[in-house]
Protein chains: 6
Amino acid sequence: MSEAVQMIPGNSLITKTPEEGRQLAVKMARLVIKVTQPDAEVREKLRPVYAEDAAMLLAVGQVVATEFATIAAANNYWR
Amino acid sequence: MSEAVQMIPGNSLITKTPEEGRQLAVKMARLVIKVTQPDAEVREKLRPVYAEDAAMLLAVGQVVATEFATIAAANNYWR
Amino acid sequence: MSEAVQMIPGNSLITKTPEEGRQLAVKMARLVIKVTQPDAEVREKLRPVYAEDAAMLLAVGQVVATEFATIAAANNYWR
Amino acid sequence: MSEAVQMIPGNSLITKTPEEGRQLAVKMARLVIKVTQPDAEVREKLRPVYAEDAAMLLAVGQVVATEFATIAAANNYWR
Amino acid sequence: MSEAVQMIPGNSLITKTPEEGRQLAVKMARLVIKVTQPDAEVREKLRPVYAEDAAMLLAVGQVVATEFATIAAANNYWR
Amino acid sequence: MSEAVQMIPGNSLITKTPEEGRQLAVKMARLVIKVTQPDAEVREKLRPVYAEDAAMLLAVGQVVATEFATIAAANNYWR
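An unreviewed UniProt entry annotates chain A as Hexameric tyrosine-coordinated heme protein (HTHP) of Aequorivita viscosa.

So this is what it looks like as structure tokens:
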């Protein structure tokens, strides 16, 4: 494997509940950032940039929404 | 669970009507922001930034549209 | 309901024609903005910002395209 | 109807070929802009902004891609 | 037809392989730009803007990903 | 073929696991950038721009999420 970081915890898109699916979406979004910026110190410095800027928070929301769409389809929407 | 905030109210994507599905989309969009920025005071300060800036309002609209697409599919479009 | 504004006119995604579906997409995009910024006076001030800025007009186009994708699927593309 | 501009030419998403579907996507993207900015003179002034700015051209491309995804699905991908 | 430029080479979304589908996605993304900015000289001047700016390269990537999603679905993912 | 760079490693969207699908998404996102900016030296100079800027990291996340949606569908979500 060319990537040392595991990008999908549990290596599965299947979750028991929508809430767990949503948590997976948040984690998957964060792990792409970890792969792109492997230096923990740099990521730590960037954290307040995401969390205190309205545009960044919305961009986080857009990425999570996109990941969640895939996870929800994988789980047949937990119907 | 690593997230203290509940990200999907009711832990279900199923709603009785499109209107309630739309409200769920708005809430889910807001809850991702809450998870990313847990400090209520900071979020309060950012609120006018979203609400008084045309580009931010459109970004909110984009996130809600994306969340709603998933919720609508989950509900088989309330056909 | 926590939102006073009705976000989906008619509380249905089903329309008779593609044209009416497109009008619904435009209205749904606008109503998210109304929920996020309930003050009519502020929205009135922002209107020329959307309408006279190329980047904003394209962002409006992106939101409408996303809403319309959902409405079109709901209507089985009016086939 | 609250909108004077026809937003979907022919009031149908069905086209004979992918090429015509693509042309419809471009037209639908432009007509949302026309509805949002009905003043032809203002739109004329904005045209070079779209056409001479790399970021704007890419934003146009993103909107057209999104509209086309819907049209292609409506036509069952002209298979 | 109002557009002189052919926007979908071969007038088909069907390709033999994923790789050819990806190439079609890149071409379709470029041809929307050509339709919006028909002047070859202006496009030539914009080329380094796309290719030497990180944000632009990512925007190109987003458009190509969106076009490719449609092409992949059209080809039933070359399964 | 007009593109010298191979854009889909293995010329297939099918992977054994979600994790490998995610790695493919990251690679496909990077290869579009390689096609658009073939000069390795320029890409090398841009790398820190992606990796040290919060907005860029989120844009990378958005592209990867979009590519992954296609790959996940191709693999029937590894169900």
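Text resumes after the structure shown.
A. Spatial organisation of the overall build of chain A. Summing up its helical and strand segments, chain A has three helices and zero strands in all. Listed N to C, the secondary structure of chain A is α-α-α in terms of helices and strands. When burial is assessed residue by residue, chain A has 58% of its 79 residues classed as buried. For chain A, long-range pairs separated by at least 24 residues make up 62% of all intrachain contacts whose partners lie at least 6 apart in sequence. Accessible surface computed for chain A: about 3,400 Å², of which carbon and sulfur atoms make up 53%. Charge separation in chain A, taken as the distance between the mean sites of 9 positive and 9 negative side-chain charges, equals 7 Å.

B. Spatial organisation of the nonpolar core. In terms of nonpolar packing, the biggest core is built from 168 residues, with A:Leu13, B:Leu13, C:Leu13, D:Leu13, E:Leu13 and F:Leu13 touching the most fellow members. Sequence-distant contacts of C:Leu13, defined by excluding residues within four places in its chain, comprise B:Pro18, B:Phe68, B:Ala72, B:Tyr77, B:Trp78, C:Ile8, C:Leu24, C:Met28, C:Thr70, C:Ile71, C:Ala74 and C:Asn75.

C. A look at the relation of the copies chain A and chain F. Mapping chain A onto chain F leaves a residual RMSD of 0.0 Å; the transformation is a rotation of 60° accompanied by 0.0 Å of translation along its axis. Expressed as an axis order, the relation between the two copies is that of a six-fold axis. Among all residues of chain A, the minimum C-alpha distance to the rotation axis is found for A:Thr66, at 7.0 Å. Interface overlap between copies: only 9% of the residues of chain A at the interface are likewise at the interface in chain F, consistent with a contact formed by different surfaces.

D. Main features of the side chain of B:Gln37. Checked against the element boundaries, B:Gln37 lands in the loop between helix H1 (18-36) and helix H2 (40-51). In this structure the side chain of B:Gln37 is engaged in a polar contact, spanning 3.0 Å, whose partner is the backbone nitrogen of B:Asp39. If near-sequence neighbours (up to four positions away) are discounted, B:Gln37 is found in contact with A:Ala51, A:Glu52, A:Leu57, B:Val42 and B:Arg43.

E. Representation of the arrangement of the chains in the model. What separates chain B from chain D at the closest point of their C-alpha atoms is a distance of 12 Å, and the two make no contact. Chain C makes no contact with chain F; the smallest distance between any of their C-alpha atoms is 14 Å.

F. Structural view of the pattern of salt bridges. Residues and elements named next belong to chain D. Inspection of the entire model under this criterion finds 12 salt bridges over all chains. Taking the shortest distance from any N to any O, the salt bridge between Arg47 and Glu44 comes out at 3.9 Å. Here Glu44 and Arg47 lie together in helix H2 (residues 40-51), a separation of three residues that amounts to about one turn. Looking at Arg47, the relative accessible area reads 48%, which means it is partly exposed.

G. Representation of the interface of chain E and chain F in the model. On the side of chain F, 33 residues touch chain E, which itself brings 28 residues to the contact. Taken together, the two surfaces of chain E and chain F that pack against each other cover about 2,600 Å², and 67% of this comes from carbon and sulfur. Considering only the surface of chain E that becomes buried against chain F, E:Glu19, E:Arg22 and E:Leu58 emerge as the three largest contributors, covering 24% of it. At the junction of chain E and chain F, the tally comes to one salt bridge. With a shortest N-O distance of 2.5 Å, E:Arg22 and F:Glu67 are connected by a salt bridge. For the pair chain E and chain F, the interface holds 10 residue pairs in polar contact (both at pLDDT 80 or more). Secondary structure elements with two or more residues in the side of chain E that touches chain F: helix H1 (18-36) and helix H3 (54-74) of chain E. Top contributing element to the side of chain E that touches chain F by residue count: H3(E), with 13 residues. Among the residues forming the side of chain E that touches chain F, the class breakdown is 15 nonpolar, five polar and eight charged.

Cut-offs used in this document
Residues numbered from 1 in each chain as written. Chains lettered and ligands numbered in written order. Predicted model: local features only at pLDDT ≥ 70, side-chain atom pairs only at ≥ 80, totals over all residues. Heavy atoms only, no water. Helix = DSSP H or I, 4+ residues; strand = E, 2+ residues; numbered from the N terminus. Buried < 20%, exposed > 50% of the residue type's maximum accessible area, 1.4 Å probe, protein only. Contact = heavy atoms within 4.5 Å. Areas by Shrake-Rupley, 256 points an atom, 1.4 Å probe, with all protein chains shown as cover. Lys, Arg positive; Asp, Glu negative; His and termini not counted. Charge placed at Lys NZ, Arg CZ, Asp CG, Glu CD. Core = buried A, V, L, I, M, F, W, Y, C linked by side-chain atoms within 4.5 Å. Least-squares fit on C-alpha atoms with pLDDT ≥ 70 in both. Polar contact = N/O pair within 3.5 Å; in protein donor to acceptor, adjacent residues only side chain to side chain. Salt bridge = Lys/Arg side-chain N within 4 Å of Asp/Glu carboxyl O. Buried area = accessible area lost by both parts, 1.4 Å probe. Nonpolar A, V, L, I, M, F, W, Y, C, P; charged D, E, K, R; others polar.

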